[in-house]
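Architecture and fold: a report
What follows is the residue order along each chain.
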Amino acid sequence: MRYIGKVYRPPSEADAYLLQATIGCPWNTCTYCDMYRDKPRFYLRDLPSVLEDMEQAAQQASSRIQKLFVTDGDALVMPMDHWRPILHRARQLYPNLRRVSCYAMARNILDKTPKELRELRDLGLTQLYIGPESGDDQTLKRIAKGSTAAEHVEAAHKAREAGMKLSVIFLLGSGGVERSTEHAMASADLATAMDPAFLSALTLTIVPNTPIARLAEKGRFVLPSKRELLKELHLFVDNCNPTSAVFRSNHASNYLPIAGKLPQDKDALLELIESALDGDIPLRPEWRRGL
């Protein structure tokens, strides 16, 4: 298998075959993100090369491949004449394949017709990872996410109607100190409205040379303290009421790794956060945190 530049995937795709079908991110302007800044031009990989990589993976591990994650950023943007042969070939090559997934932006979901999304679902693309990062429109504008909270709700509804599962990601701290409370409360509201099967809270890390890092250097963005981030997490969990979502905040970026289901385990999760705020549970040290 061949890869161009750095390749990223969600933590839950650690055991997936990563198929690079696009290069870079079609948006690539989020102020906090440097994942694809080494690939300033977004483009589709040559389809024969992608299919050839799939053949090579089958020769090495056909029966062991149970999950396929299609990269790079927001691969859902690919046109149907790329998606169809990839998904058809995946079915043929990997007999034990259980799931195909990819990153997606709200705008890419909205650009697909309901019929196209249903076709992708029927061909095996069953899960989308969406990172609104915040439900606060002021924060969304400031981090240059490209879509409003309402557009994320519309996109989530459209994907669910097509039968796709959603894994939705929020970023603690992305509202800065200035909008910490608004960010946490609006994010809980958005998570409730998007009603995903999977829900994650990560913690913003200021990466050098990103736009948000330059704002921080000028004092125009201040990341909340550890305690303030825990308060954000508490507000988020306390006000988040999806139908039934597997919830995780155990990413390497987080100071307090917790997991459960929302809203079923809300009281237990809140108790853990409160214990951490009281100093009864140690937080992850800086040297163990990462992206």
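So, how was this worked out
- Residues numbered from 1 in each chain as written.
- Predicted model: local features only at pLDDT ≥ 70, side-chain atom pairs only at ≥ 80, totals over all residues.
- Heavy atoms only, no water.
- Helix = DSSP H or I, 4+ residues; strand = E, 2+ residues; numbered from the N terminus.
- Expected span 1.5 Å × (residues − 1).
- Buried < 20%, exposed > 50% of the residue type's maximum accessible area, 1.4 Å probe, protein only.
- Arc of directions from axis to C-beta.
- Contact = heavy atoms within 4.5 Å.
- Pairing = 2+ DSSP bridges.
- Phe/Tyr/Trp six-rings, centres within 6.5 Å; stacked < 30°, edge-to-face > 60°.
- Axes fitted to C-alpha atoms, helices over the stretch in contact; angles between N-to-C directions.
- Parallel < 35°, antiparallel > 145°, perpendicular 65-115°, else oblique.
- Left-handed = near helix turned anticlockwise from the far one by under 90°.
- Nonpolar A, V, L, I, M, F, W, Y, C, P; charged D, E, K, R; others polar.
- Salt bridge = Lys/Arg side-chain N within 4 Å of Asp/Glu carboxyl O.

1. As for helix α1 (residues 47-61)
The end-to-end C-alpha distance of α1 is 21 Å, a good match for the 21 Å that 15 residues give at a rise of 1.5 Å each. Residues of α1 that are buried: Leu47, Val50, Asp53, Met54, Ala57, Ala58 and Ala61. Projected down its long axis, α1 shows its buried positions confined to an angular sector of 140°, all on one face. Exposed and facing more than 90 degrees away from the buried side of α1 are Pro48, Gln59 and Gln60. Among the structural elements, β1 (17-20) and α2 (80-93) are those in contact with the buried residues of α1.

2. Here's the deal with the pairing of strand β6 (residues 125-133)
For β6, the tally of buried residues reaches 9 of 9 residues, placing the bulk of the element in the interior. Note: β6 against strand β7 (residues 165-172), 5 bridges, orientation parallel. Bridge pairing in β7 links Glu133 to Phe170.

3. Here we look at the packing of aromatic side chains
To describe a pair of aromatic rings, one takes the distance between the centres and the angle between the planes. The full count for this structure, using the stated rule, is 7 aromatic pairs. For the ring pair Tyr8 and Tyr36, a centre distance of 5.8 Å and an interplane angle of 80° mean the geometry is edge-to-face. Highlighted residues: Tyr8 in the segment before β1 and Tyr36 in the loop between β2 (22-23) and β3 (43-44), separated in sequence by 28 residues. Accessibility expressed as a relative area gives 4% for Tyr36, which makes it buried. Measuring from centroid to centroid gives 6.2 Å for Phe236 and Phe247, while their planes differ by 35°, and the two rings are tilted. With Phe236 in helix α9 (residues 226-239) and Phe247 in strand β9 (residues 245-248), the pair connects residues that are 11 residues apart, well separated along the chain.

4. Topic: the environment of Arg99
Summarising the element assignment, Arg99 is placed in strand β5 (residues 99-103). Residues Arg99 and Gly124, 25 residues apart in the sequence, show an inter-C-alpha distance of 6.6 Å. Sequence-distant contacts of Arg99, defined by excluding residues within four places in its chain, comprise Ser12, Glu13, Gln66, Lys67, Leu68, Gly124, Thr126, Gln127 and Tyr129.

5. Overview of the sheet that holds β9
Hydrogen bonds along the backbone pair up the strands of a sheet, which may run parallel or antiparallel. Taken in spatial order, the 8 strands make up an open sheet running β1-β4-β5-β6-β7-β8-β9-β10, and their pairing is mixed. Each edge of the open sheet carries a strand with a single partner, namely β1 and β10 (259-262). This sheet shows a mean twist of 25° between the axes of neighbouring strands, independent of strand direction. Bridge analysis of strand β4 (residues 67-71) against β5 gives 4 bridges, and the strand direction is parallel. Its bridge partner being in β5, Lys67 is matched across the sheet by Arg99. Sheet strands in contact with helix α7 (residues 180-194) are β6, β7 and β8 (198-203), and its direction is about 180° off that of β7. Contacts between helix α10 (residues 266-277) and the sheet are confined to β9 and β10, with β10 contributing the most and set at about 140° to the helix.

6. Let's talk about the packing of α9 against α10
Where α9 meets α10, the axes come as close as 10 Å, and the angle between the chain directions of the two elements is 165°. It follows from the interaxial angle that α9 and α10 lie roughly antiparallel. Of the two elements, α9 crosses α10, and the hand of that crossing is left-handed. In contact with Arg227, Leu230, Lys231, Leu233, His234, Val237, Asp238 and Asn239 of α9, α10 contributes Lys266, Leu269, Leu270, Ile273, Glu274, Ala276 and Leu277. Residues belonging to the contact of α9 with α10 are distributed by class as follows: 8 nonpolar, 2 polar and 5 charged.

7. Some points on the pattern of salt bridges
Oppositely charged side chains can pair when the atoms bearing their charge come close. Tallying each qualifying case throughout the model produces 12 salt bridges. Arg99 is paired through a salt bridge with Glu13; the nearest N and O atoms lie 2.5 Å apart. Of this pair, Arg99 sits in strand β5 while Glu13 sits in the segment before β1, and the two are 86 residues apart along the sequence. For Arg99, a relative accessible area of 17% translates into the label buried. Judged by its relative accessible area of 1%, Glu13 is buried. With a shortest N-O distance of 3.0 Å, Glu178 and Arg142 are connected by a salt bridge. Taken together, the positions of Glu178 in the loop between β7 and α7 and Arg142 in helix α5 (residues 137-142) put the pair 36 residues apart, joining distant regions of the chain.

8. Concerning the packing of α7 against α9
Running from amino to carboxyl end, α7 crosses α9 at an angle of 30°, the nearest separation of the two axes being 8 Å. By the angle class used here, α7 and α9 are roughly parallel. Pair α7 / α9 crosses with right-handed handedness. Taking contact as the criterion, the partners of Ser180, Thr181, His183, Ala184, Met185, Ser187, Ala188, Ala191 and Thr192 in α7 are, on α9, Glu228, Glu232, Leu235, Phe236 and Asn239. Counted by class, the contact of α7 with α9 contains 6 nonpolar, 6 polar and 2 charged residues.

Limitation: the analysis is restricted to geometry and does not speak to function.
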